[in-house]
Amino acid sequence: MAAPTGFDYTLHPDGSVLITHRGRAATTVRGSRAAAFLAEVELSDPQEVMARWTGNYRRGNERTAKNHPRNARR
């Protein structure tokens, strides 16, 4: 499986973080979630972290994603 690519993030003055994929907004995280995201990006591969944070986890693929090789170390 290919490693995720094309992700980037921007930290805004209000503390929110905009995560983009190939130039398009994927998600925005705020507050304590933004702080957790920034801490995780510093500790792991940023591309993998951003791919996981922007995944479609709210649509019922939580169990599938948990077993995905990208998330094996979490």
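Relevant structure appears above.
Presented here is an overview of the structure given in this document. Note that residues are indexed from 1 along each chain, following the sequence as it is written. Only residues with pLDDT of 70 or above have their local features reported here, since the model is predicted, and side-chain atom pairs are shown and tallied only from 80 upward, although totals for entire chains, interfaces and linings are computed over all residues. Heavy atoms from the whole structure form the basis of all side-chain values; hydrogens and water molecules are not counted.

Right, let's get into the nonpolar core. In this text, buried Ala, Val, Leu, Ile, Met, Phe, Trp, Tyr and Cys residues form a nonpolar core when linked through side-chain atoms within 4.5 Å. Working definition: with a 1.4 Å probe on protein chains only, accessible area under 20% of the residue-type maximum means buried, over 50% means exposed, and in between means partly exposed. Phe7, Val17, Ile19, Val29, Ala34, Phe37, Val41, Val49, Met50, Ala51 and Trp53 form the largest nonpolar core, which has eleven residues in total. Counting from the N terminus, the helices are DSSP H or I runs at least four residues long and the strands are E runs at least two residues long. Breaking this core down by element, the ones donating at least two residues are β2 (17-21), α1 (31-43) and α2 (46-53). Here Ala34 is in contact with Gly15, Val17 and Val29, once residues within four sequence places are set aside. Contacts are assigned to residue pairs that have any heavy atoms within 4.5 Å of one another.

Tracing the backbone shows Gln47 in helix α2. Here a polar contact is taken to be a pair of N or O atoms separated by no more than 3.5 Å, where protein atoms must pair a possible hydrogen donor with a possible acceptor and residues adjacent in sequence count only if both atoms sit in side chains. A polar atom in the side chain of Gln47 sits 2.9 Å from the backbone oxygen of Phe7. Residues within four places of Gln47 in sequence aside, it is in contact with Pro4, Thr5, Gly6 and Phe7.

The salt bridge definition used is simple: a Lys or Arg side-chain nitrogen within 4 Å of an Asp or Glu carboxyl oxygen. Counting across every chain of the model gives one salt bridge. One salt bridge in this structure joins Glu40 and Arg52, with 1.7 Å as the shortest N-O distance. Remark: Arg52 occurs in helix α2 and Glu40 occurs in helix α1; sequence separation between them is twelve residues. For the residue pair Glu40 and Arg52, the accessibility class agrees, reading buried in each case.

Attention shifts here to the environment of Asn71. Tracing the backbone through its elements, the reader meets Asn71 in the segment after α3 (62-66). Expressed as a C-alpha distance, the spacing of Asn71 and Glu48, which sit 23 residues apart in the sequence, is 8.4 Å.

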